[in-house]
Amino acid sequence: MADQPIALRFTEEMKGYCSLGQFTCREGHDRGEAAGTPLMFQLTIITDDLDRFIGEATHAAQAIGFIDSPLIGGRCAVLKGSFNLFAESGDRNRKTMRYRLFFENRLGEAMTLSGTKNIQNNPGPDLWADTTTLQTNLLAGHIEAANEAAAPLLGSGILHILPTDFAHQLTTFRVDAPSLGKRLAALEKFGAFFAGQLWELHGLPRHHHPEPRIREIPLHTLEGVRDAEITTHYASTGDGLGISLLRFQRAPCDDVVLLVPGLTASSDMFIMPEHRNLASSLLDAGFTDVWALDGRISNRQPYNLSRHRYTVDDVALYDNPAAISAIRRAVGTGKRIHIIAHCLGALSVAMSLFGRAIDGIASVIVNGVALTPKVNRMAYLKLHAGPFLAESVLGLDYLDPAASLRPGISPGKLLGKAVSLFHHECDVPECHMTSFMWGFGNPVLFSHDNLHDITHRRTGDLFGGSGVHYYRHVLKMLKAGNMAVKYDPDDIRYRHLPDNYLQDAAAIETPMLLVAGQVNALFLDSNVLCHERLEAIVPGRHELAVIPGYGHADVIIGKDAGRDVFPRFIDFLRRNAGPKNGS
């Protein structure tokens, strides 16, 4: 007779703070602590088959218990709960503990608590913090994991296991087995599994095996957009550069959409063939005239591959107005123009709009950052030293994500090789280098969980090289209190731009949707901050959308962005479009 499955259970209690609103988990925690809005839960984790629990990849168990917080009306029973222990993630050196708890608040409204612990060996002693810190979101409705990013975010916070509660937790393990020996063996098996997973992540050195760079998708392909007439339009900027726009048209449209990429990216990020892309989503939604800009910050142009002195002011004053003028020449003056912009492109578009370099824009969507850039402490320090070290010490004209793959020996290649020594989250050197170029984290530009494998492998094509002078302008904004300011107020070329780009915010009537990936490792919650400042000036004019589970570029290039993110864009565009496209 086969042995009966052995059941195991234990109780866990976590406590912290949460705040209602669209915030990062850290910001939600800090606001909740200041406002006195604690949140806690007590759960019993149950598996009825320990061997199955250990053997399956998701390590799934049932969670029962209760949640307690004044934000939900007090103590509420968990109606349905799940727990995953050491589930795989998109990073090779990170696993997760996941909690999903369905409940109803005291008003009878369906809600979900979604929580994640990230177990990853980062610099410094972090084993205790990893296993006892839960990033927590509150969602409206009973939301499954696959639908979380598209769900309304009600609140966020962080919960912890206190040392005394952890000590008590160790006494709550119970095993349903017919003999003492089997109970002890089951506890030993669970303990060995738990300790083994921690050792794999925190104890063993990890070695790199860089993947060969084999293009699965042609460089600068247009194959991602079907059933549209594709044309190229050229424009000249006021300071004498040639830039270009791709036009994807299925039919004349009263509401034209311009897509603006971030620094080192290009129009390619909007037309990716490996998954549903933004340009195709807009065309299918009835916005049948879509344009994509390749200006001086695009990797389709040569301007980044030199030691230049361009600033974001140049993009705001010269590139964006030239692009708008080119579109108006082609479509006529009676069409409404909407803009969707990403990263430094979004910063520049917001500066163009609020600096009055462009006007007559129907609506703007900005992802990642707008007028209030914000980065973490380590990235802030890198912005101080990085440009000098790159240009004057290493003698580099630009930083290149693919430098470590170039033939021969050069300072750039040695830098790329060195950077990869500190990045163990994946085996794509270009991914490591983009993280180094843009901040501090593993990775920085996106969450690996949200990328198609092909997208990840073509990081070096999607994000090109760049000179580092833009970093100096961003640093000046950070020093100005996280505010978009002019780089050189004494330079007569920029006399028509404001010294502070928020100074005329009350007069700018174009509505903006400020989009923020909740786990953005580059610009953090910059757009949450920007929305707060704009709300204080013009309440209700601009909107905020925080996307749970998303980082920075994956809001645009993520494999499921067409399901999770783009419907939010299209809804905003329709509400600000004419009757035909707004229906």
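Everything discussed here concerns the structure shown above.
All values reported here derive from a predicted model rather than from experimental measurement.

What counts, and at which threshold
- Residues numbered from 1 in each chain as written.
- Predicted model: local features only at pLDDT ≥ 70, side-chain atom pairs only at ≥ 80, totals over all residues.
- Heavy atoms only, no water.
- Phe/Tyr/Trp six-rings, centres within 6.5 Å; stacked < 30°, edge-to-face > 60°.
- Helix = DSSP H or I, 4+ residues; strand = E, 2+ residues; numbered from the N terminus.
- Lys NZ or Arg CZ within 6 Å of the ring centre and 35° of its normal.
- Axes fitted to C-alpha atoms, helices over the stretch in contact; angles between N-to-C directions.
- Parallel < 35°, antiparallel > 145°, perpendicular 65-115°, else oblique.
- Contact = heavy atoms within 4.5 Å.
- Nonpolar A, V, L, I, M, F, W, Y, C, P; charged D, E, K, R; others polar.
- Buried < 20%, exposed > 50% of the residue type's maximum accessible area, 1.4 Å probe, protein only.

Draft legend 1. Looking closely at the packing of aromatic side chains. The full count for this structure, using the stated rule, is 14 aromatic pairs. Plain terms: the ring middles of Phe-86 and Phe-193 are 6.0 Å apart, the flat faces sit at 80° to each other, and that makes the pair edge-to-face. Of the two residues, Phe-86 is situated in strand β4 (residues 74-88) and Phe-193 in helix α5 (residues 180-202); the sequence distance between them amounts to 107 residues. Taken together through their ring pairs, the aromatic side chains of Phe-10, Phe-53, Phe-86, Phe-173, Phe-190, Phe-193 and Phe-194 make up a single cluster. The residue whose ring lies beneath Arg-296 is Tyr-310, and the NZ or CZ to ring-centre distance is 4.8 Å. The cationic tip of Lys-476 hangs over the ring face of Tyr-487; the distance from NZ or CZ to the ring centre is 5.9 Å.

Draft legend 2. Local environment of the packing of helix α7 (residues 312-331) against helix α8 (residues 343-354). For the pair α7 and α8, the least separation of the axes is 8 Å and the interaxial angle reads 75°. When the axis of α7 is compared with that of α8, the two are roughly perpendicular. Residues Val-312, Asp-313, Val-315, Ala-316, Asn-320 and Pro-321 of α7 pack against Leu-344, Leu-347, Ser-348, Val-349, Met-351 and Ser-352 of α8. Here the contact of α7 with α8 is built from residues that sort into eight nonpolar, three polar and one charged.

Draft legend 3. Molecular detail of helix α11 (residues 429-438). Summarising burial for α11: nine of the ten residues are buried, a large majority. Those residues of α11 that fall on the buried side of the exposure criterion are Pro-429, Glu-430, Cys-431, His-432, Met-433, Thr-434, Ser-435, Met-437 and Trp-438. Looking at the buried side of α11, the elements it contacts are α9 (377-393), α10 (411-420), α12 (453-457), α13 (459-462) and α14 (469-479). Phi turns positive, to about 155°, at Gly-439, one or two residues after α11.

Draft legend 4. A look at the packing of α10 against α11. Packing of α10 against α11 brings their axes to within 9 Å, and their N-to-C directions diverge by 95°. When the axes of α10 and α11 are compared, the pair comes out roughly perpendicular. On α11, the residues touching Leu-415, Gly-416, Val-419 and Ser-420 of α10 are Pro-429, His-432, Met-433 and Phe-436. A class-by-class count of the residues in the contact of α10 with α11 yields five nonpolar, three polar and no charged.

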